[in-house]
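# Tertiary structure, described
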Amino acid sequence: MTLEMIVRPGLEGVIALDTRMSHIDGMAGELTISGFALEEIAGQATFEEMVYLLWYDRLPTADELALFSEKLASKRDLAQPTLDVLRASADKKLSIMDALRMAAGTLSLYTTSDSLQDGAEVAVATFPTIVSAYWRLLNGDDPIAPRQDLSHAGNYLYMLDGEIPTPDRERAINTYLNTVIEHGLNASTFTARVIIATHSDMISAMVGAIGALKGPLHGGAPGPALDMVFEIGTPDKAETVIRAKLDAGERLMGFGHRVYKVRDPRADVLGTEAKRFFAEGDQQDLYALAMHVEKTAIALLEEYKPDHKLQTNVEFYTALILHGIGLPVDLFSPTFAVARVGGWTAHALEHINDGLRIIRPRAGYSGEFNRAWQAMTDR
Ligand code: COA
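Residues numbered from 1 in each chain as written. Predicted model: local features only at pLDDT ≥ 70, side-chain atom pairs only at ≥ 80, totals over all residues. Heavy atoms only, no water.

## Description of the overall build of the protein
Definition in use: Labels follow the DSSP assignment, with helices taken as runs of H or I lasting at least four residues and strands as runs of E lasting at least two, numbered in each case from the N terminus. The globule rule used for comparison is 2.2 Å times the number of residues to the exponent 0.38, while the radius of gyration itself is calculated over C-alpha atoms. Remark: exposure states derive from per-residue accessible area (1.4 Å probe, protein chains only) relative to the maximum for the residue type, with buried under 20%, exposed over 50%, and partly exposed in between. Any two residues having at least one pair of non-hydrogen atoms within 4.5 Å are treated as being in contact. Methods summary: accessible areas were calculated by the Shrake-Rupley approach with a probe of 1.4 Å, and residue burial reflects only the protein chains presented. Residues scored as positive are Lys and Arg, those scored as negative are Asp and Glu, and His as well as the terminal groups of each chain are ignored. By convention, charge coordinates are those of NZ in Lys, CZ in Arg, CG in Asp, or CD in Glu.
Along the protein, the regular secondary structure elements total 17 helices and three strands. Taking 379 residues into account, the globule formula puts the C-alpha radius of gyration at 21 Å, and the protein, at 22 Å, falls close to it. Residues counted as buried form 48% of the 379 residues belonging to the protein. Considering only intrachain contacts with a sequence separation of at least 6, the fraction spanning at least 24 residues in the protein is 74%. Element-wise, carbon and sulfur atoms account for 53% of the exposed surface of the protein, whose accessible area totals about 19000 Å². Within the protein, one finds 35 positive and 51 negative side-chain charges whose respective centroids are separated by 6 Å.

Written out as structure tokens, the structure is:
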């Protein structure tokens, strides 16, 4: 039997496998995670509960969740070799994503090589510790050891600045992590699947996934969305600044999406969270400005690009929420990895548990044939 060969650059539009993790309906603007609409679950579940749901395809009971959370919390600590890698990376001022990738490689020291489950638990549990320890080292501070009595989300913020987060900050980061934990067969998840599908190990799959996420075409650039808000500065300047950008043919960062042709449901969930988070405190002016910028941008995009229905995407509200929580821009992409490792591990476990095939597309050949060998003296 010969297979019919189809050429699809970038595998666009190809369904390579079935998954129970998530379903994206770009035309309706809907994201379903393990059966739950994103807006139903993201603000209610703890991050630990989301991971449990993805790994076991059901919500845990109270006892199961307590045991699961305890187990993850008990695996948060970093061993000396990991800290050594982070210190060496900080000496060279490497990017946080590079340091995370190298430190994640050392996690093989923590796991029994044949247990995918153990590898998944170690990866999810330690990513926040790695990112926060490295952030502190980069800034000349000593890492702060994780606390087992705090939630996954709360402990992440605690390890960054040593302050036990207020319930509002903890809730906001938890909702962010839940919102971006999983999004189908994106490049980093696909990378994790390709690696695990060869029956490699969980840590190798996670290291590869971090490498894929690091690229600006995937890991996103939520920073620039906020830059525009800061550049505008006051609501009365919004229209003039945005018009000037559109007149110059610039793209407005934080708007438009390749898959979602209506409003990105993740933007909706984070928008609701942002409204709650900024309702009190000293950042209400920033929130009001961001809302005005969003409204103005959507109206002007409708005027300039009426055929494209360009709406706010996840990056706009990611930037607003993470900035509001107090995270600097350099931590935005690594914090995305802290969330997405939940989805990567879930896909890897599913791939092996479902006995799915190795992933092996073919490449077309665009080179020459029948070249004649030339002696070195004739070249
Ligand atoms: N601002 C201004 N114009 C935009 C735009 C934006 N944010 N996004 C798309 N457009 C315009 C394009 O200029 C193009 O116009 P044209 O047909 O007159 O040349 C049209 O809309 C279609 O663009 P295209 O790149 O084909 O659309 P896409 O759906 O494939 O693009 C993105 C998706 C995300 C690449 C694009 O919307 C973008 O660059 N957004 C800004 C960056 C961003 O926020 N990235 C984070 C994504 S999560």
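That shown, we press on.
## Quick notes on the packing of aromatic side chains
Convention followed: Aromatic pairs are defined between Phe, Tyr and Trp rings, using the six-membered ring for Trp, whenever the two ring centres lie within 6.5 Å; interplanar angles under 30 degrees are classed as stacked, those over 60 as edge-to-face, and all others as tilted.
Tallied over the full model, the rule gives ten aromatic pairs. Taken together, a centroid distance of 5.5 Å and an interplanar angle of 15° make the contact between Phe278 and Tyr287 stacked. In this structure Phe278 comes out as buried when scored by relative accessible area, which is 3%. Measuring from centroid to centroid gives 4.9 Å for Tyr365 and Phe369, while their planes differ by 65°, and the two rings are edge-to-face.

## Quick notes on the layout of surface pockets
Note the threshold: As defined here, a cavity is a set of points on a 1 Å grid over the protein atoms alone where a 1.4 Å probe fits but cannot get out. A pocket is an open set with protein on both sides within 12 Å along at least five of seven lines, and residues line them when an atom is within 4 Å of a point. Grid points are joined across faces, edges and corners, and a volume is the space filled by probe spheres set on the points. Residues are grouped as follows: Ala, Val, Leu, Ile, Met, Phe, Trp, Tyr, Cys and Pro are nonpolar; Asp, Glu, Lys and Arg are charged; all remaining types, including Gly, are polar.
The calculated volume of the second largest pocket comes to roughly 910 Å³. Together, 21 residues line the second largest pocket, and Leu11, Val14, Arg360, Pro361 and Arg362 are the ones closest to its centre. Looking at the lining of the second largest pocket, its residues break down into 14 nonpolar, two polar and five charged.

## Some words on the pattern of salt bridges
Put simply, the rule is: Salt bridges are defined as contacts in which a side-chain nitrogen from Lys or Arg sits within 4 Å of a carboxyl oxygen from Asp or Glu.
Enumeration according to the criterion identifies 23 salt bridges in this entry. A salt bridge links Asp98 to Lys214, with the nearest nitrogen and oxygen atoms 2.9 Å apart. You can see Asp98 sitting in helix H5 (residues 96-105) and its partner Lys214 sitting in helix H10 (residues 202-214), a full 116 residues away along the chain. Exposure remark for Lys214: the relative accessible area of 40% places this residue in the partly exposed category. The shortest N-O distance in the salt bridge between Glu303 and Arg243 comes to 2.9 Å. Residue Glu303 is found in helix H15 (residues 284-304), and its partner Arg243 is found in helix H13 (residues 238-247); the two are separated by 60 residues along the sequence. Salt bridges sharing partners connect three or more residues here, namely Arg20, Asp57, Arg193, Glu350 and Asp354.

## Remarks on the site of the ligand
In plain terms, the rule: It suffices for a single heavy atom of a residue to lie within 4 Å of a molecule or strand for the residue to be listed as near it.
In the neighbourhood of the ligand, 17 residues make up the surrounding shell, with Leu252, Gly254, Phe255, Arg258 and Lys261 lying closest. Out of a free accessible area of 870 Å², the ligand has 68% covered by protein chains. Within the shell around the ligand, the residues separate by chemical class into six nonpolar, five polar and six charged.

## A closer look at the packing of helix H12 (residues 222-232) against helix H16 (residues 314-325)
We apply this condition: Only the stretch in contact is used when fitting a helix axis, every axis being a line fitted to C-alpha atoms; angles between N-to-C directions are given from 0 to 180 degrees. Should an angle fall under 35 degrees it is called roughly parallel, over 145 degrees roughly antiparallel, and 65 to 115 degrees roughly perpendicular, with every other angle called oblique.
Running from amino to carboxyl end, H12 crosses H16 at an angle of 75°, the nearest separation of the two axes being 8 Å. If you check the angle between H12 and H16, you find them roughly perpendicular. Between H12 and H16, the residues in contact are Pro222, Ala225, Leu226, Val229 and Phe230 and Glu315, Phe316, Thr318, Ala319, Leu320 and His323, respectively. Counted by class, the contact of H12 with H16 contains eight nonpolar, two polar and one charged residues.

## Observations regarding the domain arrangement of the protein
What counts here: Domain ranges listed in this record stem from an automatic or a database domain assignment. Here the buried area means the combined drop in accessible surface, using a 1.4 Å probe, for two parts upon being joined, counting both sides. Here a polar contact is taken to be a pair of N or O atoms separated by no more than 3.5 Å, where protein atoms must pair a possible hydrogen donor with a possible acceptor and residues adjacent in sequence count only if both atoms sit in side chains.
Looking at the assigned domains, one finds that the protein contains domain 1 (22-219 + 334-353) and domain 2 (223-324). Taking only C-alpha atoms into account, the centre of domain 1 sits 27 Å from that of domain 2. Taken residue by residue, the interface counts 22 residues in domain 1 and 16 residues in domain 2. Overall, the association of domain 1 and domain 2 removes approximately 1600 Å² of surface from exposure, summing both partners, and the carbon and sulfur fraction of that is 70%. Across the contact surface, domain 1 and domain 2 share two salt bridges. The salt bridge partner of Arg276 is Asp168, with a shortest N-O separation of 3.0 Å. At the junction of domain 1 and domain 2, the tally comes to five residue pairs in polar contact (both at pLDDT 80 or more). Top element by residues in the side of domain 1 that touches domain 2 is helix H8 (residues 167-179). It accounts for eight residues. Tallied by class, residues from the side of domain 1 that touches domain 2 come to ten nonpolar, five polar and seven charged.

## A short note on H5
Within H5, seven of the ten residues are buried, which leaves it mostly tucked inside the rest of the structure. Buried-residue contacts for H5 involve helix H4 (80-91), helix H6 (116-138), H10 and helix H17 (332-353).

## Observations concerning the nonpolar core
As a reminder, the rule being used: For our purposes a nonpolar core is just a set of buried Ala, Val, Leu, Ile, Met, Phe, Trp, Tyr and Cys residues, chained together by side-chain atoms within 4.5 Å.
Core analysis: the biggest nonpolar cluster contains 105 residues, and Phe127, Ile173 and Trp344 have the highest contact counts within it. If you tally residues by element for this core, the top one is H6, at 13 residues. A domain-level breakdown of this core finds at least three residues from each of domain 1 (22-219 + 334-353) and domain 2 (223-324). Those residues in contact with Trp344 that sit more than four places away from it in its chain are Phe127, Ser188, Thr189, Ala192, Met206, Ala209, Ile210, Leu213 and Ala337.

## Concerning the packing of helix H9 (residues 187-196) against H10
The line we're drawing: With the far helix as reference, a near helix turned anticlockwise by less than a right angle produces a left-handed crossing, and one turned clockwise produces a right-handed crossing.
Interhelical geometry of H9 versus H10 gives an angle of 150° and a closest axis separation of 8 Å. Between H9 and H10, the crossing angle belongs to the class labelled roughly antiparallel. Viewed along their axes, H9 and H10 form a crossing whose handedness is right-handed. Residues Ala187, Ser188, Thr191, Ala192, Ile195 and Ile196 of H9 lie in contact with H10, whose contacting residues are Met202, Ser204, Ala205, Met206, Gly208, Ala209, Ala212 and Leu213. Split into classes, the residues belonging to the contact of H9 with H10 amount to ten nonpolar, four polar and no charged.

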